[in-house]
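Chain residues, written in single-letter form:
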Amino acid sequence: MLEYIVPSNIDDRVLNRAARVLQDGGLIALPTDTSWSIVCSIKSPAAIKKLRKLSGERDERHFTLLCSSISQFVEVVKLDNTRFRVINRLSPGPYVFILKTLSGTEKFLDIRRNELGVRIPDYQVPIRLIETLKHPLYSITAKKSMISLGSGSEVYKPANAEEIVTELPPIPEDELFESGWELEDIEGLDLILDSGEERERIFSTILDMCTDEIKVLRFGAGPWPA
């Protein structure tokens, strides 16, 4: 399940194997510029369901679309010039941008909210995998609570609007992973792309850009105002 890689020079054969895992509906853990993420293909409804079940989260704002370029954003969310300039200045980097979805995105990703978090990581592992797969990845932060949750004893149910709080709480540092081998006990993972290096236990800053005023839903590694 562990596949060792060199982030600055990833073997194309490894990337192609990982892409096949995702195309077949699998889940992959990989390092990013923040902490470890678990990802799946946005084109696999079964994999998206598995990712949600594994996460145990009800608030869909915990889920993020990882992209390799801003051009992939405009395929799923609304992006005007003002928001583009802010995102372009902060990307790639440790920021998630919550934007209004385009018509059809909610059905495509089976989400109940007309909002979606998108970001471009400043790290080659997810970027190269997205480029190999040729479409974005649906992702969530890997957390140690997923080990006890296993393959998902609780069924994921999208939260109702009234159940969703204004801000998202920070992720405790001891909930995050440092090394790839630590994730081997998470049930449901098909592959771990491991650089063999310890990652910082940090998380991204989440910016809600759905209204004219940008709101911070969670402070993380990315400073704001920036």
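Now for a quick tour of the structure. (Residues numbered from 1 in each chain as written. Predicted model: local features only at pLDDT ≥ 70, side-chain atom pairs only at ≥ 80, totals over all residues. Heavy atoms only, no water.)

**Observations regarding helix α3 (residues 81-90)**
- Listed as buried for α3 are R83, V86, I87 and L90. Buried residues in α3, looked at end-on, bunch into an arc of 95°, giving them a common side. Of the exposed residues in α3, those oriented more than 90 degrees away from the buried face are N81 and R85.
- Those residues of α3 that are buried are in contact with β5 (95-100) and β9 (205-208). (Buried < 20%, exposed > 50% of the residue type's maximum accessible area, 1.4 Å probe, protein only. Helix = DSSP H or I, 4+ residues; strand = E, 2+ residues; numbered from the N terminus. Arc of directions from axis to C-beta. Contact = heavy atoms within 4.5 Å.)

**Digging into the environment of F108**
- Structurally, F108 can be placed in helix α4 (residues 105-109).
- Along the chain, F108 and K43 lie 65 residues apart, while their C-alpha atoms are 8.4 Å from each other.

**Digging into the pattern of salt bridges**
- Inspection of every chain in the model, using the stated rule, returns 11 salt bridges.
- For R128, the salt bridge is made with D12, and the minimal N-O distance between the two is 2.9 Å. Linking R128 in helix α5 (residues 124-133) with D12 in helix α1 (residues 12-23), this pair joins segments that are 116 residues apart in sequence.
- R128 sits in the partly exposed class, given a relative accessible area of 22%.
- With a closest N to O distance of 2.9 Å, R119 and D33 form a salt bridge. Placement of R119 in strand β6 (residues 115-119) and of D33 in the loop between β2 (28-31) and β3 (36-41) is noted, with a sequence separation of 86 residues between them.
- According to the relative accessible area criterion, R119 is buried, its value standing at 4%.
- Via salt bridges that share partners, K100, R113 and E115 belong to a single interconnected network. (Salt bridge = Lys/Arg side-chain N within 4 Å of Asp/Glu carboxyl O.)

**What about the environment of I127?**
- Here I127 shows up in helix α5.
- Its relative accessible area of 8% is what places I127 among the buried residues.
- Taking C-alpha positions, I127 is 7.2 Å from C67, a pair spaced 60 residues apart along the chain.
- Non-local contacts of I127, meaning those with residues more than four positions away in its chain, are made with C67, S68, I120 and P121.

**With respect to the pairing of strand β7 (residues 137-141)**
- Within β7, 5 of the 5 residues are buried, which leaves the element mostly enclosed by the surrounding structure.
- Alternating residues of β7 divide into L137, S139 and T141 and Y138 and I140, and every residue in both groups is buried.
- With 5 bridges joining them, β3 and β7 adopt antiparallel strand pairing. What sits directly across from V39, in β7, is S139. (Pairing = 2+ DSSP bridges.)

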